[in-house]
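Here is what each chain is made of, one letter per residue.
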Amino acid sequence: MAGMHIHHRPAKVLTFSRDAVRAMDSAAVHEFAIPSLVLMENAATAIAEVAFSIVEKQPNPFVLICAGPGNNGGDGLCVARKLANRRVPVSILLATPREKLSKDARAHLTIADRMSLPIHVESFSHPGWSIAAIKVDHGAPTLIIDALLGTGADREPAPPLTDLITEINDLRHNEKVKTLSVDIPTGLDADSGEPIGSHDTVIRADTTITLAGLKMGFENPASRAFTGEVLVGDIGVPIELLERFGTRPKVIR
């Protein structure tokens, strides 16, 4: 978004491959003793700031957070709490059975449950059911947060997740619903900046809030069709690790 300023930005913005992100996260936890839940909390703070800046001037904002099974989904679940605390109406669409969530994501789901935030679990037996049902209960969202799959994804999304991706893209195209992707649009390869599978199985975001640093694939100009504007959010990784695992961003023309 033009003129958007994010306060939670790393001291040094570098570029990371998929493997470098994994190694950096592991070093932050095991070498620097930063709990992974702290990294997730920091990520959510940066994401929530961007999300709030998108909806704060809308007359009747409603944010739908689509969360997958891993840490990307955990970031989204944590964002739900932060937006709710700012009196922004939110609803969570859990695109995986509860028992398949990662440990950290489950922790944030428990908090969301105890806050009585609306949580819908994807009905995989009824493709296309989920967002349509949420619209009946809550109205159309003004912002969808894509926290389905992160940089670690290296396989094309499969049905029924592909149905959800289609729903989100259709809402953005036909109803002008803004879409914010967490770290990377679901279905985009972090290293190449190309769809992992077909172009139809990638979220097309208006804004991507990528975490800790830029992703190598963003240097591919073709990635812009999916990422929209790219912002970088700080997750509290020590600058020593950013410099150890990251490289200088290339100038994209």
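Just above, that's the structure.
Rules and cut-offs
- Residues numbered from 1 in each chain as written.
- Predicted model: local features only at pLDDT ≥ 70, side-chain atom pairs only at ≥ 80, totals over all residues.
- Heavy atoms only, no water.
- Pairing = 2+ DSSP bridges.
- Helix = DSSP H or I, 4+ residues; strand = E, 2+ residues; numbered from the N terminus.
- Axes fitted to C-alpha atoms, helices over the stretch in contact; angles between N-to-C directions.
- Contact = heavy atoms within 4.5 Å.
- Buried < 20%, exposed > 50% of the residue type's maximum accessible area, 1.4 Å probe, protein only.
- Phe/Tyr/Trp six-rings, centres within 6.5 Å; stacked < 30°, edge-to-face > 60°.
- Lys NZ or Arg CZ within 6 Å of the ring centre and 35° of its normal.
- Core = buried A, V, L, I, M, F, W, Y, C linked by side-chain atoms within 4.5 Å.
- Expected span 1.5 Å × (residues − 1).
- Parallel < 35°, antiparallel > 145°, perpendicular 65-115°, else oblique.
- Left-handed = near helix turned anticlockwise from the far one by under 90°.
- Nonpolar A, V, L, I, M, F, W, Y, C, P; charged D, E, K, R; others polar.
- Salt bridge = Lys/Arg side-chain N within 4 Å of Asp/Glu carboxyl O.

Participant: Give a description of the sheet that holds strand 4 (residues 119-121) that names residues and reports values.
Facilitator: The strands making up a sheet are joined through hydrogen bonds of the backbone, oriented either antiparallel or parallel. Read from one edge to the other, the open sheet built from 7 strands follows the order 4-3-2-5-6-7-9, with strand pairing classed as parallel. With partners counted over all chains shown, the strands left at the sheet margins are strand 4 and strand 9 (229-233), one partner each. The mean angle between the axes of side-by-side strands here comes to 20°, regardless of whether they run parallel or antiparallel. For strand 7 (residues 207-211) and strand 9, the ladder comprises 5 bridges, and the chain directions are parallel. Residue pairing across strands places Ile209 opposite Leu231, the latter belonging to strand 9. Packed onto the sheet, helix 2 (residues 36-55) meets strand 2 (63-67), strand 5 (143-147), strand 6 (178-182), strand 7 and strand 9 and runs at close to 165° relative to strand 7.

Participant: Please set out the environment of Arg155 residue by residue, giving values where relevant.
Facilitator: If you trace the backbone, Arg155 turns up in the loop between strand 5 and helix 6 (161-175). Given the relative accessible area of 69%, Arg155 is considered exposed. Measuring from C-alpha to C-alpha, the distance between Arg155 and Asp189 comes to 8.7 Å, with 34 residues separating the pair along the chain.

Participant: Which residues make up the packing of aromatic side chains, and what values do they have?
Facilitator: In this structure the tally under the stated criterion is 0 aromatic pairs. Against the face of Phe52 rests Arg86, its NZ or CZ located 3.7 Å from the ring centre.

Participant: Can you tell me about the nonpolar core, naming the residues and giving the values?
Facilitator: One recurring pattern in soluble globular proteins is that nonpolar side chains are buried together. If you look at the biggest cluster of nonpolar residues, it comprises 50 residues, and the most contacted ones within it are Val63, Val79, Leu83, Val90, Leu143, Ile145 and Leu180. In terms of residue count, helix 2 provides more of this core than any other element does, 10 residues in total. Residues in contact with Val63, not counting those within four places in the same chain, are Val55, Leu83, Val88, Pro89, Val90, Ser91, Leu143 and Ile145. Core analysis: the second largest hydrophobic core is formed by 16 residues, Ile131, Ile134, Ile168 and Val177 among them.

Participant: So what's going on with helix 6? Which residues, and what values?
Facilitator: Residues that lie three or four places apart on an α-helix share one face, since the helix turns once every 3.6 residues. In a regular helix each residue adds 1.5 Å, so 15 residues correspond to 21 Å; helix 6 covers 21 Å between its end C-alpha atoms and thus fits that length. Restricting attention to buried positions, one finds in helix 6 the residues Leu161, Thr162, Leu164, Ile165, Glu167, Ile168, Asn169 and Leu171. Of the residues trailing helix 6, Lys176 is marked for its positive phi of about 60°.

Participant: I'd like a description of the packing of helix 2 against helix 3 (residues 71-85), backed by residues and values.
Facilitator: One can describe the packing of helix 2 onto helix 3 by two numbers: an axis separation of 8 Å at closest approach and a directional angle of 60°. The orientation of helix 2 relative to helix 3 falls into the category oblique. Once helix 2 is placed against helix 3, the crossing between them reads as right-handed. Between helix 2 and helix 3, the residues in contact are Met40, Glu41, Ala43, Ala44, Thr45, Ile47, Ala48, Ala51 and Phe52 and Asn71, Gly74, Asp75, Cys78, Val79, Arg81, Lys82 and Leu83, respectively. Residue composition of the contact of helix 2 with helix 3, grouped by class: 10 nonpolar, 3 polar and 4 charged.

Participant: Describe the pattern of salt bridges, and please don't skip the residues or the numbers.
Facilitator: With the rule as written, the count across this model stands at 10 salt bridges. Here Arg18 makes a salt bridge to Asp189, at a shortest N to O gap of 2.9 Å. Taken as a pair, Arg18 in helix 1 (residues 18-30) and Asp189 in the loop between strand 6 and strand 7 lie far apart in primary sequence, 171 residues in all. There is no split in this pair, since Arg18 and Asp189 are both buried. Here Lys215 makes a salt bridge to Asp183, at a shortest N to O gap of 2.9 Å. A residue pair is termed long-range when its members are at least 10 positions apart, and Lys215 in strand 8 (residues 214-215) and Asp183 in the loop between strand 6 and strand 7 qualify at 32 residues. Both residues of the pair, Lys215 and Asp183, belong to the buried class.

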